Amino acid sequence: MEVILGAARINARGGISGDAPGDQKQSNTPDYTGEVSLTKFYMHKKGWLVFRAKDPAVARKIALTMYKICNNPNIGYDQGTYRLGVVKYGSDAQVKTGADCGSAVRQCVREAAGIDPGNFNTGTEPEALMNTGLFNQVPFTSEEALREGDILVTKVKEHTEVVVNAIVASNGVNVSEATNAYYRVYTSKWLAEVENLKDYAGIEDKAISGVMVRVPDKTVETRVGLKGGHYLDWVTGYDPEDKNNGYAGIKGKPIDRLQIKMSDMTVMYRVSLVGNKGYLPWVANTADYAGIKGKAIDKVQVYVK
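The residue numbering used here restarts from 1 in each chain and proceeds along that chain's sequence as written. Note on the predicted model: pLDDT of at least 70 is required for a residue's local features to be given, and 80 or more for side-chain atom pairs to be given and counted; whole-chain, interface and lining totals, by contrast, use all residues. Side-chain descriptors were evaluated using all non-hydrogen atoms of the structure, hydrogens and water having been removed beforehand.

(A) Expanded view of the pattern of salt bridges. Any carboxyl oxygen of Asp or Glu within 4 Å of a side-chain nitrogen of Lys or Arg constitutes a salt bridge here. Here the structure, examined in full by the defined rule, presents twelve salt bridges. R9 is paired through a salt bridge with E161; the nearest N and O atoms lie 2.7 Å apart. Taken together, the residues R9 in the loop between β1 (4–8) and β2 (36–40) and E161 in strand β8 (residues 160–165) connect sequence positions 152 residues apart. Exposure classes here rest on a 1.4 Å probe applied to the protein chains alone. A residue is buried below 20% of its type maximum, exposed above 50%, and partly exposed in between. By relative accessible area, which is 24% here, R9 ends up partly exposed. The partner of R60 in a salt bridge is E148, and the shortest N-O contact between them spans 3.0 Å. One end of the pair, R60, is in helix α1 (residues 56–70); the other, E148, is in the loop between β6 (135–138) and β7 (151–154), and 88 residues separate them in sequence. Neither residue differs from the other here; R60 and E148 are each classed as buried. A run of H or I in DSSP becomes a helix once it reaches four residues, and a run of E becomes a strand once it reaches two; helices and strands are each numbered from the N terminus.

(B) Geometry of the nonpolar core. By nonpolar core is meant a set of buried Ala, Val, Leu, Ile, Met, Phe, Trp, Tyr and Cys residues that side-chain atoms within 4.5 Å join together. Membership of the largest hydrophobic core comes to 34 residues, with the highest contact counts inside it found for F51, I62, M66, I69, I75, F135 and I151. No other element matches α1, which puts seven residues into this core. In this view, I75 contacts G22, D23, V36, I69, V86, G90, S91, A93, T97, G98 and A99; residues no more than four positions away in its chain are not counted. Ranked by size, the runner-up nonpolar core spans 33 residues in total, among them V211, I260, V271 and V304. Note on contacts: a residue pair is in contact if any heavy atoms of the two residues lie within 4.5 Å.

(C) Structural context of the state of the cysteines. To count as a disulfide, a pair of cysteine sulfur atoms needs to be within 2.5 Å. Enumeration over the complete set of coordinates arrives at zero disulfides. In this structure C101 is a free cysteine whose sulfur lies 12 Å from that of C108, the closest cysteine sulfur available. C70 supplies the cysteine sulfur nearest to C108, a cysteine that is in no disulfide, at a spacing of 7.9 Å. Of the residues examined, C108 reaches a relative accessible area of 0% and is grouped as buried.

(D) Just the packing of α1 against helix α3 (residues 101–113), in detail. Whenever a helix is involved, its axis is fitted only over the stretch in contact; in every case the axis is a line through C-alpha atoms, and angles between N-to-C directions fall within 0 to 180 degrees. Following both chains from N to C, one finds α1 and α3 inclined at 130 degrees, their axes separated by 8 Å at the closest point. With respect to their mutual orientation, α1 and α3 come out oblique. Between α1 and α3 lies a crossing whose hand is right-handed. In contact with V58, K61, I62, T65, M66, K68 and I69 of α1, α3 contributes A104, V105, Q107, C108, E111, A112 and A113. By residue class, the composition of the contact of α1 with α3 is nine nonpolar, two polar and three charged. Put simply, angles under 35 degrees are roughly parallel, angles over 145 are roughly antiparallel, angles from 65 to 115 are roughly perpendicular, and the rest are oblique. The sense of a crossing depends on the near helix, which, turned anticlockwise from the far helix by less than a right angle, makes the crossing left-handed and, turned clockwise, makes it right-handed. In the scheme used here, Gly and all other residues not listed as nonpolar or charged are polar, with Ala, Val, Leu, Ile, Met, Phe, Trp, Tyr, Cys and Pro taken as nonpolar and Asp, Glu, Lys and Arg as charged.

(E) Structural view of the pairing of β7. Residues I151 and V153 of β7 are buried on one face, and the alternating residues L152 and T154, pointing to the opposite face, are buried as well. Strand pairing is assigned whenever DSSP detects at least two bridges linking the two strands. Where strand β3 (residues 48–53) lies against β7, four bridges are found, and the strand directions are antiparallel. In the sheet register, L49 faces β7, and the bridge partner there is V153. In textbook terms, the turn of a hairpin is the stretch between consecutive antiparallel strands, and for β7 and β8 this stretch comprises five residues, one of which, K157, has a positive phi near 55 degrees.

Written as structure tokens, this is what we have:
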């Protein structure tokens, strides 16, 4: 397993400000090419300062949040107008906005611990992090010694990164593995599996009648409502041949509502309706359901955080 870092890097024009909001360079996920993106570990010529969360749960949430920021096409790089957009809209930003390397790290801490380290820049970042009481500063010894959620600041205080994947993960499953949602839907047949937001599951204007969702090493519960009717039972399986627990739905009977839940993570999902090209709003776990009663669903997207 490689050590993977995440950070806001540079805008699409190779500058630091003045470009359009959103990530103009992101072409896929996981994103290794965008303005705000992942990269393999590299040793900065001036060396790294390392700040490690005292609570491993906070560290993991920092890593998860940076992973989300890097893979959100609505968050681009900017040190000007949109610099604090990630702080305003969060890692799940649904409007095109921006971040620089410092504000991205700030939002990771905010979402992970509920504590705002303040509007720091990389020059004041070490002090701002330590003042939260959440971190210890540890010496950098090797790539292998880094841990998930570690915050790296160059010794010259000009850039900052978050360790998204470490060789030894906090719970045995690294962030980029644990945050992959896979899902399939049934129209007149089972369609190909989709990973995260790389695509959608479904065919425009063809009603879906079955849904199954999985996240490696996690339990995912899914249920659907039959069009104009009642909810079916929750299922936890992922098997197109298992009518009882392998998928949610009844083949040939269109669905109009979808609910997905996890006990230890938040699953985000949304749907579009037959005859309507736009998506309905994202839903988190069972805060609501995705769909409109009486209106058949034709497309589904799912990711976890």
